[in-house]
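Letter by letter, the chains look like this.
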Amino acid sequence: MDNNFLKLKQILKYNNFPAFGICNYSNISKTFDVRSRNLIPYNTHSVIVFAFPYYVGDFPNRNLSRYAIVQDYHIIVKNLLKKLSSLLTIVFESFSFVPFSDNSPFPEVEIAVKSGLGFVGLNHLLITEKYGSFIFIGEIATDMPLPQTPSLNKTCLKCMACIKKCPGKAIFKDKINMDSCLSHITQKKGVVSIQEKTLIKQNKLIWGCDVCQDVCPHNKNIPLTYIEDFKTDIIPFLSFNNIDILVKTRAFGFRGPSVLKRNHGILYDK
Ligand code: SF4
Ligand code: SF4
């Protein structure tokens, strides 16, 4: 087996990056026209794709989606990948390693599937065998030649629970209808309709919707995350008075406080 690949595997194991796959750059169908596209190294050969699990257990009084109760993944994943890229640049000194964690130029789910990191469920989410779908995705692009890791060639259990239980009836074979997806509704700016308010009240979350993940059998009995930064400073309940502070440090911060305050009002005002 390729020496660099073996060395890389050892480094990832030693530094606690257990969930990864490698996708040859030539196997990627497209890149997106985003600012970070300019950072893809010249002569990129491979993209190392990572899954970062964030499941931290159940909190009965939670009023935020699971991914939003942990520290902002944009920052945590970025830091983990930046550190790892620096290390790889030292070890494999003649090659470049560039991390991507936010606004990625790569079709992340596509490359995760092609590299065997997981498979896509009927809920359109990437599902990993060990950590289910409660994961964030990040990548490192490199000009170091690495072997493509094989896809899993698997499908989800097709139990249909996500489709049946989806509060917005938003899951279709070929897409999620964003207009009726509750997660999307909690994020949209401006006025929400009476039906949308009813959905928010029924689901009892100020931000997001976890239903299509919570009902999925692939998310049963998954381990808690091993990532220390996700295990510390968990805030499952967002009070009105905390919104202005927490928008500075949490994943929902990009939307600003007014949308969260509006949703809080829908949920708790009489
Ligand atoms: S996030 Fe909620 S509303 Fe959106 S598709 Fe999943 S279950 Fe449906
Ligand atoms: S809930 Fe069932 S149908 Fe939906 S993704 Fe999971 S296994 Fe597939």
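A few points on the structure. Counting of residues starts from 1 at the beginning of each chain's written sequence and follows it residue by residue. Both sets of labels track the order of writing: A upward for chains, 1 upward for ligands. Only residues with pLDDT of 70 or above have their local features reported here, since the model is predicted, and side-chain atom pairs are shown and tallied only from 80 upward, although totals for entire chains, interfaces and linings are computed over all residues. Hydrogens and waters are ignored; side-chain quantities use all the structure's heavy atoms.

### Thoughts on the site of ligand 1
Next up, step 1: The cutoff for a nearby residue is simple: one of its non-hydrogen atoms must lie within 4 Å of the molecule or strand. The full set of residues close to ligand 1 is Cys-166, Pro-167, Ile-171, Ile-176, Cys-181, Leu-182, Ser-183, Cys-209, Val-211 and Cys-212.
Next up, step 2: In this description a helix means any DSSP run of H or I spanning at least four residues, a strand means any run of E spanning at least two, and both kinds are numbered starting from the N terminus. Of all the secondary-structure elements, those providing two or more residues to the shell around ligand 1 are helix H5 (182–187) and helix H7 (211–214).
Next up, step 3: For the shell around ligand 1, the per-class residue count stands at 9 nonpolar, 1 polar and no charged. Note that Gly is not counted as nonpolar here; it falls among the polar residues with everything else outside the nonpolar set of Ala, Val, Leu, Ile, Met, Phe, Trp, Tyr, Cys and Pro and the charged set of Asp, Glu, Lys and Arg.

### Comments concerning unusual backbone geometry
Next up, step 1: Residues other than glycine seldom take positive phi values, yet Lys-204 does so here, at roughly 65°.
Next up, step 2: Structurally, the position occupied by Lys-204 is in the loop between helix H6 (194–203) and H7.
Next up, step 3: Within the chain, Asp-233 stands out as a residue other than glycine whose phi angle is a positive 60°.

### Topic: the sheet that holds strand S2 (residues 46–53)
Next up, step 1: Two strands form a pair only when DSSP identifies at least two bridges running between them. Here we have 4 strands laid out as an open sheet, ordered S1-S2-S6-S3, and antiparallel in their pairing. Pairing within the sheet leaves two strands with one partner each, and these edge strands are strand S1 (20–24) and strand S3 (97–100). Here the strands of the sheet are splayed against their neighbours by 25° on average, with no regard to which way each runs.
Next up, step 2: Examined bridge by bridge, S3 and strand S6 (residues 135–142) share 4 bridges and lie antiparallel to one another. Paired with Phe-97 across the strands is Thr-142, a residue of S6.
Next up, step 3: We call two residues contacting when some pair of their heavy atoms lies within 4.5 Å. Interaxial angle, 0 to 180 degrees, is taken between N-to-C directions of lines fitted to C-alpha atoms, where a helix line uses only the stretch in contact. Where helix H1 (residues 3–14) meets the sheet, its contacts fall on S1 and S2, and the angle it forms with S1 comes to roughly 145°.

Treat this as a map of the structure, not an account of what it does.
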